[in-house]
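Secondary and tertiary structure notes
What follows is each chain in one-letter form.
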Amino acid sequence: MRFRFPGSLRGRGALRGLGTSRALRSRRSGKLRVWPLLVFVAFVGFYYVSNQQEVPLTGRTQLVDMTRAQEVALGVQSYRKILSELDVVSVGPEVEFVQEVAELLVPVVEEADFSWEFSVARSPEANAFALPGGKVVVYTGILPIVGNRDGLATVLGHEMAHAVARHGAERMAQQKLAQWAGMAVSLSVGEMEPATQRMVLGAFGVGSRFGVLLPFSRKHESEADYMGLIYLARACFHPSEAPEVWRRMGQHAAHRQLEILSTHPAPETRVQQFQQWMPEALAVRREYCSSRAEGER
Ligand SMILES: [Zn+2]
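Predicted, not measured: the structure shown is a model, and the values here were computed from it.

With respect to the coordination of the zinc ion
Within the protein, the atoms that donate to the zinc ion are His158 (NE2), His162 (NE2) and Glu221 (OE), at distances of 2.0 to 2.1 Å. Going along the chain, you hit the donors of the zinc ion in the pattern H-x3-H-x58-E. Remark: glutamate 221 occurs in helix α9 (residues 194-234) and histidine 162 occurs in helix α7 (residues 149-164); sequence separation between them is 59 residues. For histidine 162, a relative accessible area of 12% puts it in the buried group. Relative accessible area serves as the criterion here: at 8%, glutamate 221 is assigned to the buried category.

The structure is reproduced here in structure tokens:
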């Protein structure tokens, strides 16, 4: 017999009446336990307050629970592992191109003291990524899309911003919180009917993924776009190339996902944001590069 959710008095009365039956005594009460949620909320409040950081440049408050040293160690470890699995290009025009642009960007970021490293890997994939602590990998497949120095500075600036803003560590802290929240929810519904439990846990999973983790991922992308734009302007590259690069990337992406399902903002959203930030970027460029002739770097 399946246990019915005791929503009616009759159900509860029946349970009480048959209280001596061992099988029924072990049945679930059907009630939501509130204490795991209260403990979770109290703990998260404490955890959040004691692990707050501020993102340079944007001033956004973020949750990061590992030290800079732990983060750098983690980044170096994954960097070495990833490089060992990639077809790393060590000399040639592609490497020179990347190194030359990177050298101009490193002095203008907040974390100029990171031990920045830039590697080029041969791959048809149009991709680049940054690891915590300032390790950046650029695939040769992205070079035709970036097209020129300003375009490459857009992509490198964006990746460097992810490292400076500690997005990797923030994502790890969020995933940890989501896991703990999942445990609290699962404890809270532990007395309920299995079907109800599955429904609540399923809704929680969907809610945390689409309501928190993915929007945060898109927020990180936009933040990296903004910071990268300011960096490339500081390094006297041309900010106006940034939206062009993302437009080209958008055209290149063969299978585009809907923005809500994606970890990245839609290309149109990106281009629009760049247009909003452009006056500021141009002002930064004037401030940092006033002694240089227009077009010269
Ligand atoms: Zn990114």
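After presenting the structure, the write-up continues.
Notes on the sheet that holds strand β3 (residues 88-89)
Pairing in this open sheet of four strands is mixed, and the strands run β3-β4-β6-β5 from one edge to the other. The open sheet is flanked by β3 and β5 (128-131), the only strands paired with a single partner. Relative to strand β6 (residues 135-139), strand β4 (residues 117-121) is paired through five bridges, and the arrangement is parallel. Looking at β6, one finds that alanine 121 is bridged to tyrosine 139. Packed onto the sheet, helix α5 (residues 93-105) meets β3, β4 and β6 and runs at close to 155° relative to β4.

Quick word on unusual backbone geometry
Unusually for a residue other than glycine, leucine 57 sits at a positive phi of about 75°. Tracing the sequence through the fold places leucine 57 in the loop between β1 (52-54) and β2 (61-63). On the basis of relative accessible area, leucine 57 is assigned to the partly exposed category, the value being 31%. In the Ramachandran plot, arginine 166 falls in the positive-phi region, its phi being about 55° despite a non-glycine side chain. Position of arginine 166 relative to the elements: it lies in the loop between α7 and α8 (167-188).

Cut-off values and rules
Residues numbered from 1 in each chain as written. Predicted model: local features only at pLDDT ≥ 70, side-chain atom pairs only at ≥ 80, totals over all residues. Heavy atoms only, no water. Donors = N, O, S within 2.8 Å, 3.2 Å for Na, K, Ca; no water. Helix = DSSP H or I, 4+ residues; strand = E, 2+ residues; numbered from the N terminus. Buried < 20%, exposed > 50% of the residue type's maximum accessible area, 1.4 Å probe, protein only. Pairing = 2+ DSSP bridges. Contact = heavy atoms within 4.5 Å. Axes fitted to C-alpha atoms, helices over the stretch in contact; angles between N-to-C directions.

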